Amino acid sequence: MNLIRRPFRYSFFNATLILLVINLLVHCITMIFPVVRLYLGLSMPGMYHHYYWQPLTYMFVHGNWMHLIFNMIALLCFGMQIERRIGSKEFLLFYFVCGILDGVISIIVYALMGASTLLIGASGAIYALLLAFAVIFPRSIISIWGIIPVPAPILVAIYAIIEFGSQFVVRDNVAHFTHLSGLLLAWLYFLIRMGINPVRVWKEAYRR
């Protein structure tokens with residue numbers, strides 16, 4: 001069997017909750033000692049100074065409570081269901097592969113664009129989870145603001161369009177490219193690691 005596609009033996013140990021607790025602990029530490037963000041967030045200067053842990057640790061650092069809360073709500077809503085379906089080991093591999101590669105790609109792209117960026121937050125990995133949820137549960141309905149029901153694949157497409165427009169048209173201080181990269185990396189993960197084509201899954205789900 002192809003080593004890349006070799007599955008893990010299924011196990012479930014609430015990795016989603018473990019990630020949530022680590023995010024909360026790191027945020028409390030950075031609230032007390034703000035300078036820690038410079039060491040844990042991902043930046044080109046950090047890489048120059050051999051802070052090679054940053055592509056991992058940046059995912060656990062958030063700018064404020066609102067940033068943290070929105071990401072953790074999404075982590076709980078999508079992550080828990082994905083983890084139960086594919087198992088904790090596969091879930092963690094997916095989360096960290098997408099999150100780490102997302103950070104590395106993003107910081108390189110921003111550097112090439114001439115932007116001096118300190119990349120923080122789990123948003124890239126969260127967007128990867130959004131796409132994973134839409135692939136694993138293609139007929140699920142997600143309520144925007146708890147009011148507007150939207151099929152999960154449609155919501156992914158809407159977010160992709162919004163993030164693309166925000167990155168190349170609006171150009172605010174949000175790392176929209178990181179969100180787009182998270183979606184793309186999740187897509188590639190399903191194709192390469194799991195042998196699943198998201199488009200084919202969505203076509204089959206809505207054929208009738």
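Our subject is the structure listed above.
Residues numbered from 1 in each chain as written. Predicted model: local features only at pLDDT ≥ 70, side-chain atom pairs only at ≥ 80, totals over all residues. Heavy atoms only, no water.

(A) Region of interest: the overall build of the chain. The helix and strand inventory of the chain stands at ten helices and two strands. Shown N-terminal to C-terminal, the secondary structure of the chain runs as helices and strands in the order α-α-α-α-α-α-α-β-β-α-α-α. Relative to the 2.2 N^0.38 estimate, which gives 17 Å for 208 residues, the radius of gyration of the chain is 17 Å and therefore close to what a compact globule would have. The buried share among the 208 residues of the chain stands at 43%. (Helix = DSSP H or I, 4+ residues; strand = E, 2+ residues; numbered from the N terminus. Rg over C-alpha atoms; globule rule 2.2 N^0.38 Å. Buried < 20%, exposed > 50% of the residue type's maximum accessible area, 1.4 Å probe, protein only.)

(B) Just the nonpolar core, in detail. Residues Leu75, Phe78, Ile82, Phe91, Phe94, Tyr95 and Leu129 are the most contacted members of the largest nonpolar core, which totals 48 residues. For this core, the elements supplying multiple residues, two or more each, are α1 (15–32), α5 (65–86), α6 (88–112), α7 (123–136), α8 (152–170) and α9 (176–192). Here this core gets twelve residues from one element, more than from any other, and that element is α7. The residues touching Ile82, leaving out its near neighbours within four places in the chain, are Gly87, Phe91, Leu129, Ala132, Phe133, Ile136 and Phe137. (Core = buried A, V, L, I, M, F, W, Y, C linked by side-chain atoms within 4.5 Å. Contact = heavy atoms within 4.5 Å.)

(C) Quick peek at the packing of α6 against α9. One way to put it is that α6 packs onto α9 with a least axis distance of 9 Å and a crossing angle of 135 degrees. As far as their axial angle goes, α9 and α6 are oblique. Here the hand of the crossing between α6 and α9 comes out right-handed. Side by side, α6 and α9 meet where Glu90, Leu93, Phe94, Val97, Cys98, Leu101, Asp102, Ile105, Ser106, Val109 and Tyr110 of the first sit next to His176, Phe177, Thr178, Ser181, Gly182, Leu185, Ala186, Tyr189 and Phe190 of the second. Its residues assigned to classes, the contact of α6 with α9 shows 13 nonpolar, five polar and two charged. (Axes fitted to C-alpha atoms, helices over the stretch in contact; angles between N-to-C directions. Parallel < 35°, antiparallel > 145°, perpendicular 65-115°, else oblique. Left-handed = near helix turned anticlockwise from the far one by under 90°. Nonpolar A, V, L, I, M, F, W, Y, C, P; charged D, E, K, R; others polar.)

(D) Quick peek at the packing of aromatic side chains. Inspection of the entire model under this criterion finds twelve aromatic pairs. When the centroid spacing of 6.1 Å and the interplanar angle of 75 degrees are considered together, the rings of Tyr110 and Phe177 count as edge-to-face. Here Tyr110 is found in helix α6, whereas its partner Phe177 is found in helix α9, with 67 residues between them in sequence. Taking the relative accessible area as the measure of exposure, Tyr110 reaches 7% and is therefore buried. An aromatic cluster is defined as three or more aromatic residues linked by ring pairs; in this entry it consists of Phe60, Phe91, Tyr95 and Phe96. Over the face of the ring belonging to Tyr206 we find Arg139, whose NZ or CZ atom lies 5.0 Å from the ring centre. (Phe/Tyr/Trp six-rings, centres within 6.5 Å; stacked < 30°, edge-to-face > 60°. Lys NZ or Arg CZ within 6 Å of the ring centre and 35° of its normal.)

(E) Region of interest: unusual backbone geometry. In this model, Asn14 sits at a positive phi of 60 degrees, which is unusual for a non-glycine residue. Following the sequence through the fold, Asn14 ends up in the segment before α1. On the basis of relative accessible area, Asn14 is assigned to the partly exposed category, the value being 28%. Positive phi is not limited to glycine here, since His50 has a value of about 65 degrees. Considering the arrangement of structural elements, one finds His50 in the loop between α3 (44–48) and α4 (54–57).

On their own, these measurements won't tell you what the molecule is for.
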